[in-house]
Amino acid sequence: SHIMSEYVRMTDTERDQIDQDAQIFMRTCADAIHQLRTEAHKGVQSAQVKEHRTAVMDFIEDYLKRVCKLYSEQRAIRVKRVIDKKRL
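Residues numbered from 1 in each chain as written. Predicted model: local features only at pLDDT ≥ 70, side-chain atom pairs only at ≥ 80, totals over all residues. Heavy atoms only, no water.

Mind laying out the overall build of the chain, listing which residues take part and the relevant values?
Along the backbone of the chain there are 3 helices and 0 strands. Reading the chain from its N end, one meets helices and strands in the order α-α-α. In terms of C-alpha radius of gyration, the chain reaches 19 Å, well past the compact-globule figure of 12 Å for 88 residues. With respect to the three principal axes, the spread of C-alpha positions in the chain is 65 × 25 × 20 Å. Relative to its 88 residues, the chain shows a buried fraction of 11%. Considering only contacts in the chain between residues 6 or more positions apart, those separated by 24 or more positions represent 59%. Total accessible area on the chain stands at roughly 7500 Å², and carbon and sulfur atoms take up 59% of it. Positive and negative side-chain charges in the chain, numbering 17 and 14 respectively, have mean positions lying 3 Å apart. (Helix = DSSP H or I, 4+ residues; strand = E, 2+ residues; numbered from the N terminus. Rg over C-alpha atoms; globule rule 2.2 N^0.38 Å. Buried < 20%, exposed > 50% of the residue type's maximum accessible area, 1.4 Å probe, protein only. Contact = heavy atoms within 4.5 Å. Areas by Shrake-Rupley, 256 points an atom, 1.4 Å probe, with all protein chains shown as cover. Lys, Arg positive; Asp, Glu negative; His and termini not counted. Charge placed at Lys NZ, Arg CZ, Asp CG, Glu CD.)

Got a sec to walk through the pattern of salt bridges? Specific residues and values, please.
All told, the structure shown has 9 salt bridges when counted by the stated rule. Ionic pairing is found between Glu-39 and Lys-42, a salt bridge with its closest N-O pair at 3.3 Å. Two residues, Lys-80 and Asp-84, come together in a salt bridge whose shortest N-O distance is 3.0 Å. Placement of the pair is Lys-80 and Asp-84 together in helix H3 (residues 47-87), with a separation of 4 residues, close to one helical turn. Residue Asp-84 is classed as partly exposed on the basis of its relative accessible area of 29%. Overlapping salt bridges bring together Asp-16, Asp-19, Arg-75 and Arg-78 as one network. (Salt bridge = Lys/Arg side-chain N within 4 Å of Asp/Glu carboxyl O.)

Can you tell me about a nonpolar patch on the surface, naming the residues and giving the values?
Together, Val-56, Phe-59 and Ile-60 make up an exposed nonpolar region whose accessible area comes to about 250 Å². Among the secondary structure elements, Phe-59 is positioned in helix H3. (Patch = residues over 30% accessible without salt bridge, like charges linked within 9 Å, V, L, I, M, F, W, Y side chains within 5 Å.)

Outline the packing of helix H2 (residues 12-40) against H3, listing residues and values.
A packed helix pair is summarised by two numbers, namely the angle formed by the two axes and the spacing between the axes. Across the interface, H2 lies against H3 with an axial gap of 11 Å and an inter-helix angle of 165°. The angle between H2 and H3 falls in the class roughly antiparallel. Where H2 crosses over H3, the handedness of that crossing is left-handed. The class makeup of the residues in the contact of H2 with H3 is 12 nonpolar, 2 polar and 10 charged. (Axes fitted to C-alpha atoms, helices over the stretch in contact; angles between N-to-C directions. Parallel < 35°, antiparallel > 145°, perpendicular 65-115°, else oblique. Left-handed = near helix turned anticlockwise from the far one by under 90°. Nonpolar A, V, L, I, M, F, W, Y, C, P; charged D, E, K, R; others polar.)

I'd like a rundown of H3, residues and numbers included.
The end-to-end C-alpha distance of H3 is 59 Å, a good match for the 60 Å that 41 residues give at a rise of 1.5 Å each. The set of residues buried in H3 consists of Met-57, Leu-64, Tyr-71 and Arg-78. Tucked inside the fold, the buried residues of H3 contact H2. A side-chain oxygen of the first residue of H3 lies 3.3 Å from the backbone nitrogen of Gln-48; this N-cap is Ser-46. (Expected span 1.5 Å × (residues − 1). Polar contact = N/O pair within 3.5 Å; in protein donor to acceptor, adjacent residues only side chain to side chain.)

The quantities given are spatial measurements derived from coordinates; they are silent on function.
As structure tokens, this is what we get:
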């Protein structure tokens, strides 16, 4: 109930700004992961260390993908609600 009342109080402009900020943040994270992946293997000679770092980068990248998917699903729900309101 309290959460819904907070949701109703947000304006569409605020939601749009959050969406825009979230998209920028997700792109920034993806770029940072890519850069970190590139830097992680420089100067490393041990195959075990390279394998470990690759696994960690894969895990982080997968986590970001799951967060992006969740965000996209939530945004789709919001868009559907807006469309449904306009139909009424």
